Amino acid sequence: MKRVLGAKPVFDNGQNPPTCLIALGNVWFEIYAAEKSLPDTANNKLAGFRHLALMVDSLDAAKAELEKRGVTFNEAERPAAGGGRVIFFEDCEGNLLHFVERTADSTFPKL
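Now for a look at the structure at hand. Everything numeric in this text was worked out from a predicted model, so none of it was measured.

Thresholds, definitions, all that
Residues numbered from 1 in each chain as written. Predicted model: local features only at pLDDT ≥ 70, side-chain atom pairs only at ≥ 80, totals over all residues. Heavy atoms only, no water. Salt bridge = Lys/Arg side-chain N within 4 Å of Asp/Glu carboxyl O. Helix = DSSP H or I, 4+ residues; strand = E, 2+ residues; numbered from the N terminus. Buried < 20%, exposed > 50% of the residue type's maximum accessible area, 1.4 Å probe, protein only. Phe/Tyr/Trp six-rings, centres within 6.5 Å; stacked < 30°, edge-to-face > 60°. Lys NZ or Arg CZ within 6 Å of the ring centre and 35° of its normal.

Scanning the model with the defined rule gives 7 salt bridges in all. A salt bridge links Glu-67 to Lys-63, with the nearest nitrogen and oxygen atoms 3.7 Å apart. A residue pair is termed a helical-turn pair when its members lie 3 or 4 positions apart in one helix, as Glu-67 and Lys-63 do in helix α2 (residues 59-68) at 4 residues. Given a relative accessible area of 28%, Lys-63 falls into the partly exposed group. Across the salt bridge formed by Glu-65 and Lys-68, the nearest N and O atoms sit 3.3 Å from each other.

Okay, structure coming up:
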């Protein structure tokens, strides 16, 4: 990916299997091992995606805005790997999304 697409490694937890963050321009991809696989996940024509993180300047403001729009957050916020906070929620189709707020002491570089 690095040679062909210009991807750059951002983070690797050093474990096996690894959790990695890869940057393609201003878009970061988190890659980690799944806990299990279902036959339907191999069907590329199914609607949705598996997991999407959106970086925000303020987790509190982003959460409040979505709550005003009817989104329910079923879990409490938690620490983000590499520094900061995350909170997970589902879209109207049940796809998993989360907001991540990076703090000044984050081990990840700023975009």
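Glancing now at the packing of aromatic side chains. Here the structure, examined in full by the defined rule, presents 2 aromatic pairs. Consider the rings of Phe-89 and Phe-99, whose centres lie 4.9 Å apart with planes at 45 degrees: the pair is tilted. Taken together, the residues span a long stretch of sequence, with Phe-89 in strand β6 (residues 85-90) and Phe-99 in strand β7 (residues 96-101) at a distance of 10 residues. For Phe-89, a relative accessible area of 7% puts it in the buried group. For Phe-99, a relative accessible area of 7% gives the class buried. Three or more aromatic residues link up through ring pairs in this structure, and these residues are Phe-73, Phe-89 and Phe-99. One Lys or Arg, Lys-63, reaches over the ring of Phe-73 and ends 5.7 Å from the middle of that ring.

Everything listed here is a matter of coordinates, which is why it stays silent on function.
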